[in-house]
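Secondary and tertiary structure notes
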Amino acid sequence: MNQDLRDKIEQRKKILITVKEELIDRLQLQYSIDEIDDDTFLFGGGLSLDSISAADIIVGLQFRFGVTLPEEKIFSMRTINTLADFVQARS
Amino acid sequence: MNKLSKIAACYGNNNETIDWRDGLLVANVHDTLEKDYKKIRKGIALADYTYLGHFRVQGPDALPLVNRLCFSNLKGLPNGCLIPSYVLNEDGSVFCEVLVANCGDYYRVLSEGVEPDSVYALFGAELATAGWRASIVDETRSQSFVGLDGPYAWELLKLLSGPGIIGIRHLEFASGNQLDGVLFTLYRTDKTGEYGYLLQVDVEYVVDLWRQLLDVGRAFEIRPAGYAALDLCKLENRFTNIHREARSATHVLELNTRIVASRKKEDYIGRAAVENALDEGIRRRLIGLVLEEDAGNEVAIECGEQLYADGVEIGEVVNRAFSFTLNRWIALAFLDVDYAYVGLNYRLGGQRGDYTVKTVSAPFIFNESLRIRPRQDSYFDKTDRARTEYDAGRIVPLRSANCRHNRFPGVLADRRAYRRTIA
């Protein structure tokens, strides 16, 4: 694996781990980081979060990454990976 | 056994092509793939699910038996709710997909991915080995299913069964609905990412139900959609397709199902292989791909094509389709876990040359149904043709009709009043 690819993957991993840590801590999820795949759905299936959790996610992203997720966009954040996309695009 | 779907009696109005699905010949495409697809994504599509297996598990050990058969933990599944899961092989690969319903005094299992007779044989073998105080009844030949999928599927059902239908949430079901005196059970499954329902009916009425839904649904410009369009929608939403990527998976955990795997669950088929994978890790994982725009739409991704990073083979395409929403090719691939991250460009090596694909997050698209509020929105506010009909007084949506609003039973008077308005 070339260095550029390795760096990109490491950067992505860091964001994913931080997003998962924040969700687990803030939402009191009964999972460990390793138990949540990157493409796990947040709402409806997967983590089965609700609208109250959605508000917590917005606060969590602001707290951990300093990024503001508009309330109306939260339900377009469908998976852990889409949250990471949002963070990465604004970091 | 007749290998042609009973609903095939209603085919012939379009350009249907039929193909095998779980041992039954059903419509692959009804009109064109794009037209079928757009009905699912923009309106209401009617789908033939008569190929589903259907089993009733009853008796004192019904729960532990179903739990033994399924990968997911069913303990705590409330009465009136569904859970999607898999039945595994002992090596941890997927045998079939199931939807399990808690019906109170028994469990109902809907299967897809292999012929129902094979599912029944596996269930029967399990039942025989452990002395379960339970019985399994194969109802595949006595009950049948049709599907309603689309952002306005709820509105047609509201017309048929009253506004209480809106209260049926994702993975809930309700029995005792009627259409012209025919009882049906309604399951909210959302299999395409849009509002999606399965209607279970006695097999002798399934053709009538199909015809009546087409008839009542005329105002909504309802059309049948074949399974190719349903598969495409599943792919766009990243819902696992048992006939594609799940069939290519050597282990269920490759399908991003880690959250389902529980070490606390009692024994189930494939448990040893799952626990081994939890300890040792898996070697590859499913990830979404889009063909970069510079490749052009005439270049198709094919299943079986290899992916490369720096000339090293890192994975293989296992599902692909042209997305009419994104106007580009999308695909799923099993990638070496070290490379299975989003936002990376890899080379796709096909017979027609090399192209760049980018790894992307699930899902591929945003669903129209997520924008819709059933208490405010209506199909008749959205489409020009329906709007014209509405303005001309030929369509009276339920909310404007003088209807009783019972939750489930019948509401036949409503439907008849509605039909008179469009006659």
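Residues numbered from 1 in each chain as written. Chains lettered and ligands numbered in written order. Predicted model: local features only at pLDDT ≥ 70, side-chain atom pairs only at ≥ 80, totals over all residues. Heavy atoms only, no water.

**Focus: the overall build of chain B**
- Scanning chain B from N- to C-terminus turns up ten helices and 19 strands.
- Among the 423 residues that make up chain B, the fraction classed as buried is 61%.
- Restricting the contact set of chain B to residue pairs at least 6 apart, pairs at least 24 apart contribute 68%.
- Counting only carbon and sulfur atoms, one obtains 46% of the accessible surface of chain B, whose full area is about 16,800 Å². (Helix = DSSP H or I, 4+ residues; strand = E, 2+ residues; numbered from the N terminus. Buried < 20%, exposed > 50% of the residue type's maximum accessible area, 1.4 Å probe, protein only. Contact = heavy atoms within 4.5 Å. Areas by Shrake-Rupley, 256 points an atom, 1.4 Å probe, with all protein chains shown as cover.)

**Here we look at the interface of chain B and chain A**
- Listed per partner, the contact involves 25 residues of chain B and 26 residues of chain A.
- Across the chain B-chain A interface, the total number found is three salt bridges.
- The salt bridge involving Glu35(A) is made with Arg258(B); its shortest N-O contact spans 3.5 Å.
- In this structure, the connection of chain B to chain A is made through twelve residue pairs in polar contact (both at pLDDT 80 or more). (Salt bridge = Lys/Arg side-chain N within 4 Å of Asp/Glu carboxyl O. Polar contact = N/O pair within 3.5 Å; in protein donor to acceptor, adjacent residues only side chain to side chain.)

**Quick look at the packing of helix α1 (residues 3–27) of chain A against helix α3 (residues 80–90) of chain A**
Residue and element names in this part refer to chain A.
- For the pair α1 and α3, the least separation of the axes is 9 Å and the interaxial angle reads 115°. The way α1 lies across α3 gives a crossing that is right-handed. Touching Gln11, Arg12, Ile15, Leu16, Val19, Lys20 and Leu23 of α1 are Ile80, Asn81, Leu83, Ala84, Asp85, Val87 and Gln88, all from α3.
- Class assignment of the residues belonging to the contact of α1 with α3 gives a composition of eight nonpolar, three polar and three charged. (Axes fitted to C-alpha atoms, helices over the stretch in contact; angles between N-to-C directions. Left-handed = near helix turned anticlockwise from the far one by under 90°. Nonpolar A, V, L, I, M, F, W, Y, C, P; charged D, E, K, R; others polar.)

**Some words on the sheet that holds strand β8 (residues 135–138) of chain B**
All names here are of chain B.
- With respect to topology, five strands assemble into an open sheet ordered β5-β6-β7-β4-β8, the strand pairing being antiparallel. Of all the strands in the sheet, the pair left with one neighbour each is β5 (82–88) and β8. With direction set aside, neighbouring strand axes in the sheet form an average angle of 30°.
- As defined by bridge partners, strand β4 (residues 53–58) adjoins strand β7 (residues 106–112) across six bridges and the pair is classed as antiparallel. Considered in β7, the bridge of Gly53 is made with Ser111. (Pairing = 2+ DSSP bridges.)

**Details of the nonpolar core**
- Residues Phe71(B), Leu148(B), Leu156(B), Leu199(B), Leu213(B), Val252(B) and Leu255(B) are the most contacted members of the largest nonpolar core, which totals 92 residues.
- Each residue touching Leu255(B), except ones within four places of it in the same chain, is listed here: Tyr86(B), Val94(B), Thr240(B), Glu245(B), Ala246(B), Ala249(B), Leu286(B) and Phe334(B).
- Among the nonpolar cores identified, the runner-up in size contains 51 residues, and Ile24(A), Met77(A), Ile301(B) and Val357(B) belong to it. (Core = buried A, V, L, I, M, F, W, Y, C linked by side-chain atoms within 4.5 Å.)

**Describing the pattern of salt bridges**
Residues and elements named next belong to chain B.
- Under the defined criterion, the tally for this structure stands at 35 salt bridges over all chains.
- The residue Glu126 makes a salt bridge to Arg68 at a minimum N-O spacing of 2.9 Å. Here Glu126 is found in helix α3 (residues 116–130), whereas its partner Arg68 is found in helix α2 (residues 62–69), with 58 residues between them in sequence.
- The closest approach of N and O atoms between Arg263 and Asp279, which form a salt bridge, is 2.9 Å. Placement of the pair is Arg263 in the loop between α7 (245–248) and α8 (271–280) and Asp279 in helix α8, with a sequence separation of 16 residues.

**Comments concerning the state of the cysteines**
- Going through the model one piece at a time under the given rule, you end up with zero disulfides over all chains.
- Cys96(B) takes part in no disulfide bond, and the closest cysteine sulfur to it belongs to Cys70(B), at a distance of 8.2 Å. (Disulfide = S-S within 2.5 Å.)

**As for the sheet that holds strand β11 (residues 182–188) of chain B**
All names here are of chain B.
- Strand order in the open sheet formed by six strands is β10-β11-β12-β9-β3-β13, with mixed pairing between adjacent strands. Each edge of the sheet is formed by a strand with only one pairing partner; in this case those strands are β10 (173–179) and β13 (223–224).
- One ladder, built from five bridges, connects β10 with β11; its direction is antiparallel. Looking at the pairing, Leu179 lines up with Val182 of β11.

**Thoughts on the environment of Ile166(B)**
Residue and element names in this part refer to chain B.
- Mapped onto the elements, Ile166 comes out in the loop between α4 (153–161) and β10.
- A residue is classified by how much of its surface remains accessible, and Ile166, at 17% relative accessible area, is buried.
- Spatially, the C-alpha atoms of Ile166 and Glu155 are 8.3 Å apart, while their sequence positions differ by eleven residues.

**Some points on helix α2 (residues 51–65) of chain A**
Residues and elements named next belong to chain A.
- Here α2 is 15 residues long and its end C-alpha atoms lie 21 Å apart, about the 21 Å a rise of 1.5 Å per residue gives.
- Every buried residue of α2 is listed here: Ser53, Ala54, Ile57, Ile58, Gly60 and Leu61. In a view along the axis of α2, the buried residues occupy a sector of 165°, so they form one face of it. Turned more than 90 degrees away from the buried face of α2 sit Ile52 and Phe63, all of them exposed.
- Buried-residue contacts for α2 involve α1 and α3.
- You can read the cap of α2 off the contacts: a side-chain oxygen lies 3.2 Å from the backbone nitrogen of Ile52, and it is on Asp50.
- Looking one or two residues beyond α2, the residue adopting positive phi is Gly66, at roughly 70°. (Expected span 1.5 Å × (residues − 1). Arc of directions from axis to C-beta.)

**Remarks on the pairing of strand β17 (residues 328–336) of chain B**
Residues and elements named next belong to chain B.
- Of all nine residues that make up β17, eight are buried, and the element is covered over most of its length.
- Relative to β17, strand β14 (residues 284–291) is paired through seven bridges, and the arrangement is antiparallel. Directly across from Leu289, in β17, lies its bridge partner Ala331.
- The pairing of strand β16 (residues 312–323) with β17 spans eight bridges and is classified as antiparallel. From the neighbouring strand, Arg320 faces β17, where its bridge partner is Ala331.
- Hairpin remark: β16 followed by β17, antiparallel, with four residues in the connecting loop; positive phi at Asn327, about 55°.

**A look at the confidence of the model for chain A**
- With 100% of its residues at a pLDDT of 70 or more, chain A shows a mean pLDDT of 92.
- Per-element confidence in chain A ranges from a low mean pLDDT of 90 for α2(A) to a high of 96 for α1(A). (pLDDT = per-residue confidence, 0-100.)

**Observations concerning the packing of aromatic side chains**
All names here are of chain B.
- Counted under the stated rule, the structure contains 18 aromatic pairs over all chains.
- Measuring from ring centre to ring centre gives 6.5 Å for Tyr152 and Trp154, while their planes differ by 40°; the resulting arrangement is tilted.
- We classify Tyr152 as buried; its relative accessible area is 1%.
- Here a set of aromatic residues connected by ring pairs shows up, and it is made of Tyr152, Trp154, Tyr195, Phe220, Tyr379 and Phe380. (Phe/Tyr/Trp six-rings, centres within 6.5 Å; stacked < 30°, edge-to-face > 60°.)

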